[in-house]
Structure formats: C-alpha cells, structure tokens
Amino acid sequence: MARVLTLDNVNVEGKTVIVRVDINSPMAPATNTFLDDTRIKAIIPTLNRLSKAKVIILAHQSRPGKYDFTSTLGHSRELGRLLGRQIKWVDDIYGPKAMDAIEQLQDGQILMLNNVRMDEQEMSVCGDFSTLSKTKMVQALSGIADIFVNDAFACAHRSTASITGFTHEIPCVAGELMGHEIRMIDSALDNPQRPCLAILGGIKVDDSVTVADNMLRQGIADDVWVTGGVANMMVELSGVEIGDLNHNFLVNELGDNYHSTVETAKSLLADFPDKIHLPVDLAANIEDNRVDLLIDDLPVEAPLIDLGIQSTIAVSTAIKNAGTIILNGPAGVFELPDFSLGTIEILNACAETDGYAVMGGGHTATLVMKYDLASKMGHVSTGGGASLDYIAGRTLPGIASLEASAKQFAVEITKPVDPQ
Ligand code: 3PG
C-alpha cells in the first residue's frame, strides 16, 4: 500500500477526529429514501476503531442541482440504526451551530455534519492542498480537531477542501475502508490475468471516457466494451444518428464537459478501432415498451436506455472468456424492469466467469447486493470513478494527500509508522 498512515499509527483515545466518508447513496426519486446502504455499512469498521474518540463525520450526498441532493439527516439516522448507537446531527458544517455541537461532544460520541457540498467553497475552490487548506471549512474544523481520517475511497479522485484540504493542517490517516479498497484493487492489478476487459457504462460519461483513454493507452485493458450513456455517445461518434432526444440528453447531462469528452472519445475511436466494442443493438423505450433496435435502424426519437439483446450476449460471452473484468456503471436504466436486462445479464456473467471481476460504482454495488452476487465477485468496490482512476494508474488526490500528510506528521505521532 502507498506510504500512508493508518489508524494503527495513531492514538485516537480522547481525541477529536474528523472522518471524511463517502456515503453518497442511491435514493428513490419520489420519496428520497435509500435504495441501498452498502456505503453506509462500509464505514462501520472505521467508526468501531474510533469508539473512544469524539468523532465528527463529514459527508456529501449527490451534487447541487440533482434530485437527490439532500441533507445528511437521513444518513445519520440510517448509520445510527446500523451501528446501534445514537448519531448526533447538526444542520450546519462549520458555522456556530456546528461549533457548538462539536464542543459538546463527549468521548465515544459521533456527530454528523450536514452535506458538505452545501458549502459553496467545497464546490468552487480548486487547487493544490495549501489553496484548499485556506477554505473556511478547513480553517474552522482543523482548529478544533486532532486527526483527520480519510475513509472516502469513493471520493478520493476529487480534490476538494473536505478531501485534501486538511493535508498540511493536522495528521491525516487512512480509514479501514480506504485501506481495504487499496489492498484489494492492488492485489487484482499486481498480476492481472489476460485478457483484461473494461466494461464502462453508467451516466458519468466524462469519467468513463477518460478512464477508457487511460486504460487503453497504458495497456491495462486489452478491450473496452461500452454500455449505458457511454455507448450512446460512442455510437453517435462512430457516425450513426441516435436521434435528437438522445443527443440532447448527452449534451445536457455533460454540460461544460461535453466538448472535451467528445474530443477524447473521438481520438479513442480513431486510435483503438479494434479494442473499443460498440453495441450492435440498443433498446428504446417507445411508449413504455422495450423495442430492441439494430444500430442500422437508428435514429429513433425515443430514449435509448439499455443494451440490446445481441450486444448483451456478446459482452457476456467476452466476460466468460476473460481473465480480469473491470466493470463500472449500469448498462441501462435498470430501475425500469424492462430495461434492466443488459445490466443484470452482465452482472450474472461476471458472477459466473472464472476471471477475477472487480465491480465499481454505487449503482453496481447496489445491484450486486440486491441479487446476492457479492460472494461470487473478486471485489465489489464502493468507488465508481475513484476505483476506475486508481485501476487506470492515475494519482488519486485523496491518496496523495494522505502520503503528503504522512511525510509531514509521521515524526509527531505516538505510534511507529508501518513501513509498508
Ligand atoms: C461517487 O458516487 O462516485 C462519489 O460519491 C463521487 O461523486 P461525484 O462523482 O459526484 O463526485
């Protein structure tokens, strides 16, 4: 593992400890109830290690403007239920209400702050660790905390104040989940069995295209199969009209990142025509009916929201013959039963293959749990973009921050540093 400090290296008893977690969870659009609590369960080992500390949890849910951008009150209740302990919650992040609540914390108590993405600077301030350390949140919270624990592996690819801003302010150490994720993915990549397939879907098309670029150019993946929103974009860029509705959906979803994503995707298609596998058919939602259409039969003025049956069979066969499979994101709108076929068949193929399958992405993890497939997978990561970036060999700011903090603070802490 990277040279970072862990909870083994610090004495937390009686200390005030900030824990950044990623419990960003899928929520039902109509009711805002949790569809899955995998990420909430995953932070319990870290909280158990901190049972004698005063714990302040920093977390986010979704992004401003999205339907599921909510407060973290529901997360605190769900965590309390799972942990069997009361979790305090405050509708504030670093203002007077938060500071009061922190002052009242006793050893063994846990306080969750509100959604950190409700802080304007969390969303707008970019830059290096010291720029982020000057944000109001980091200044306020590092003044009252002794240690920062980063357990937000799923967010380690973001460099924001709540992830990397504490680097040089207080000792920053990896939580249990962060350590587990790094060890599991490292062990899959140490000697990957070939062929290594990346299956990239979901709606974060910009992240997936960047990762496809890295994985192919660095020779990590032998082949990339595209599904979900990534497939729609690649099909369109291959010269097929997908219909205005589908085109506009991509433009709106990607916003400012649309043009740069298209440029990267175009050069990938030009440079790796034999390694990027596009669907031969897609399923359209025509008046609430699933209609499988060959790519040659496009465009269609209806949402294309699943892989077609032929493409699903092709990717499932490739998975069964692969040595390593890296999967991220659903193949379609799996919430609609008629359009879950591609996603579920691909997951079944990952469970049945003899290859080592690494599953990434919040929705993917949710489905793996729902269909009870976790024990048949190599590793189910809580990370989506983070696990893909890590696999692609990119430096994750969250991990780089832990390394930098370890260099600065190792001599000041009470326990010896593990040389691993
Ligand atoms: C995720 O769900 O991948 C993480 O919580 C990061 O979310 P983001 O892509 O909105 O930064």
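None of these values were measured; they are calculated from a predicted model.

## Quick look at the overall build of the chain
On a plain count of helices and strands, the chain comes out with 18 helices and 15 strands. Here the chain has a C-alpha radius of gyration of 22 Å; the compact-globule value for 420 residues is 22 Å, and the two agree. Projected onto its principal axes, the C-alpha coordinates of the chain cover approximately 65 × 45 × 40 Å. Taking all 420 residues of the chain together, 58% fall into the buried category. Contacts in the chain between residues far apart in sequence, at least 24 positions, make up 75% of those at least 6 positions apart. Carbon and sulfur atoms form 50% of the exposed surface of the chain, whose accessible area is close to 17400 Å². Taking the 32 positively charged and 54 negatively charged side chains of the chain as two groups, their mean positions are separated by 9 Å.

## Here's the deal with a nonpolar patch on the surface
Together, Ile 309, Ile 313 and Leu 341 give the surface a local cluster of nonpolar side chains, amounting to about 260 Å² of exposed area. For Ile 309, the location among the structural elements is in helix H14 (residues 309–320). Residue Ile 309 is classed as partly exposed on the basis of its relative accessible area of 42%.

## Digging into the domain arrangement of the chain
Segmentation of the chain into domains returns domain 1 (7–180 + 396–413) and domain 2 (194–354). Taking only C-alpha atoms, the centre of domain 1 and the centre of domain 2 are 33 Å apart.

## Looking at the sheet that holds strand S5 (residues 147–150)
The strands making up a sheet associate through hydrogen bonds between their backbones, and the pairing can be parallel or antiparallel. Taken in spatial order, the six strands line up as S3-S4-S2-S1-S5-S6 in an open sheet, and their pairing is parallel. Both edges of this open sheet fall to strand S3 (87–89) and strand S6 (172–174), since each of them pairs with a single strand only. Across the sheet, the axes of successive neighbouring strands diverge by a mean angle of 25 degrees, strand direction being ignored. Pairing of strand S1 (residues 16–20) with S5, which is carried by four bridges, proceeds in the parallel orientation. Residue pairing across strands places Val 19 opposite Val 149, the latter belonging to S5.

## Quick look at helix H11 (residues 228–237)
Where burial is concerned, most of H11 is hidden: nine out of the 10 residues are buried. By the burial criterion, the buried members of H11 are Gly 228, Gly 229, Val 230, Ala 231, Asn 232, Met 233, Met 234, Val 235 and Glu 236. Positioned one or two residues after H11, Gly 239 has a phi angle of 105 degrees, which is positive.

## Let's talk about unusual backbone geometry
The omega angle of the peptide bond from Arg 194 to Pro 195 is -5 degrees, so this bond is cis rather than trans. Tracing the sequence through the fold places Pro 195 in the loop between helix H9 (176–190) and strand S7 (196–200). Following Leu 298, the chain continues to Pro 299 via a peptide bond in cis, the omega torsion being 10 degrees. Note on placement: Pro 299 falls in the loop between strand S11 (289–294) and strand S12 (304–307). One non-glycine residue, Glu 287, lies in positive phi territory at about 50 degrees. Look at Asp 288: it is not a glycine, yet its phi comes out positive at around 65 degrees. With respect to the helices and strands, the residue Asp 288 is situated in the loop between strand S10 (281–286) and S11.

## Observations concerning the state of the cysteines
For the structure on display, the rule yields zero disulfides. Here Cys 155 is not cross-linked by a disulfide; its sulfur's nearest cysteine counterpart is in Cys 126, at 14 Å. Since its relative accessible area comes to 3%, Cys 155 is described here as buried.

## Describing the environment of Ala 284
By the element assignment, Ala 284 lies in strand S10. With a relative accessible area of 0%, Ala 284 lands in the buried category. Taking C-alpha positions, Ala 284 is 7.8 Å from Val 300, a pair spaced 16 residues apart along the chain. Residues within four places of Ala 284 in sequence aside, it is in contact with Asn 289, Arg 290, Val 291, Leu 293, Val 300, Ala 302, Pro 303, Leu 304 and Phe 339.

## Focus on the pattern of salt bridges
Counted under the stated rule, the structure contains 18 salt bridges. Of the charged contacts in the structure, one is a salt bridge between Asp 107 and Lys 54, with a shortest N-O distance of 2.7 Å. Highlighted residues: Asp 107 in the loop between helix H4 (96–103) and strand S4 (110–112) and Lys 54 in strand S2 (residues 54–58), separated in sequence by 53 residues. Judged by relative accessible area, Asp 107 falls into the partly exposed class, the value being 45%. A relative accessible area of 19% places Lys 54 in the buried class. In this structure, the salt-bridge partner of Glu 263 is Lys 266, at a minimum N-O distance of 3.9 Å.

The rules we used
- Residues numbered from 1 in each chain as written.
- Predicted model: local features only at pLDDT ≥ 70, side-chain atom pairs only at ≥ 80, totals over all residues.
- Heavy atoms only, no water.
- Helix = DSSP H or I, 4+ residues; strand = E, 2+ residues; numbered from the N terminus.
- Rg over C-alpha atoms; globule rule 2.2 N^0.38 Å.
- Buried < 20%, exposed > 50% of the residue type's maximum accessible area, 1.4 Å probe, protein only.
- Contact = heavy atoms within 4.5 Å.
- Areas by Shrake-Rupley, 256 points an atom, 1.4 Å probe, with all protein chains shown as cover.
- Lys, Arg positive; Asp, Glu negative; His and termini not counted.
- Charge placed at Lys NZ, Arg CZ, Asp CG, Glu CD.
- Patch = residues over 30% accessible without salt bridge, like charges linked within 9 Å, V, L, I, M, F, W, Y side chains within 5 Å.
- Salt bridge = Lys/Arg side-chain N within 4 Å of Asp/Glu carboxyl O.
- Domains from an automatic or database assignment.
- Pairing = 2+ DSSP bridges.
- Axes fitted to C-alpha atoms, helices over the stretch in contact; angles between N-to-C directions.
- Disulfide = S-S within 2.5 Å.

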